[in-house]
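Chain by chain, the residues:
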Amino acid sequence: MADAAVAGVEHFEVATAQRTEMVSITSQVQEAVTAMGRRDGVCHVFVPHTTAAVTINENADPEVAHDALQVIDRLVPFSDAAYRHLEGNSAAHVKAILVGSSEAIPVADGRLQLGTWQGVFLCEFDGPRRRRVLVC
Ligand code: ZN
């Protein structure tokens, strides 16, 4: 597992509260970029988990995250007779695959170049847990 000793990689932890939720991590990612001294270039955000993911979407109306999770839950039901994974969390694995484990965000003058309505979200699909987010 990657840790804080990896040169050029910042990390932080997020404690999720629900089985499925989207947690805004925009401010923590910006803080990591600042801590790295990144002025211009690209920031990569990576979630080293198999049942959590990272995405970028609307951060103004929380109902957007609610609706997105509702659709994802409908697409990938929690239980399905066809699932074989004995741990019982196949749906969470599939959702993490669909959303993805990383995002790349342009950085200019030390600031994430997100759109007005965009935020960075950790997507929890098998919580509540403590999750780790790497930024480089
Ligand atoms: Zn599993």
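A quick note: this is a predicted structure, and the numbers were derived from the prediction, not measured. (Residues numbered from 1 in each chain as written. Predicted model: local features only at pLDDT ≥ 70, side-chain atom pairs only at ≥ 80, totals over all residues. Heavy atoms only, no water.)

Things to note about the overall build of the protein
Helix and strand counts for the protein come out as three helices and eight strands. Ordered by position from the N terminus, the helices and strands of the protein form the series β-β-α-β-β-α-α-β-β-β-β. What you see for the protein is a C-alpha radius of gyration of 15 Å, in line with the 14 Å of a compact globule of 136 residues. Viewed in the frame of its principal axes, the protein has a C-alpha envelope of about 50 × 35 × 20 Å. (Helix = DSSP H or I, 4+ residues; strand = E, 2+ residues; numbered from the N terminus. Rg over C-alpha atoms; globule rule 2.2 N^0.38 Å.)

Points about the pattern of salt bridges
Enumeration over the complete set of coordinates arrives at five salt bridges. As a salt-bridge pair, D109 and R39 come within 2.6 Å of each other at their nearest N and O atoms. On the criterion of sequence distance, the pair formed by D109 in the loop between β5 (102–108) and β6 (111–112) and R39 in the loop between α1 (26–36) and β3 (41–46) is long-range, its members being 70 residues apart. Among the residues examined, D109 registers a relative accessible area of 55% and is labelled exposed. A salt bridge links R131 to E124; the nearest nitrogen and oxygen atoms lie 2.7 Å apart. Residue classification places R131 among the buried residues on the basis of a relative accessible area of 2%. (Salt bridge = Lys/Arg side-chain N within 4 Å of Asp/Glu carboxyl O. Buried < 20%, exposed > 50% of the residue type's maximum accessible area, 1.4 Å probe, protein only.)

Topic: the coordination of the zinc ion
The protein atoms donating to the zinc ion are H85 (NE2), E87 (OE), N89 (OD1) and H93 (NE2), with metal-donor distances spanning 2.0 to 2.2 Å. Around the zinc ion sit four donor atoms, and with donor-metal-donor angles ranging over 90 to 150° the site reads as irregular. Note on H85: relative accessible area 35%, which makes it partly exposed. The class for N89 is buried, based on a relative accessible area of 7%. (Donors = N, O, S within 2.8 Å, 3.2 Å for Na, K, Ca; no water. Tetrahedral: all angles 85-135°; square planar, octahedral: opposite > 155°, others 65-115°.)

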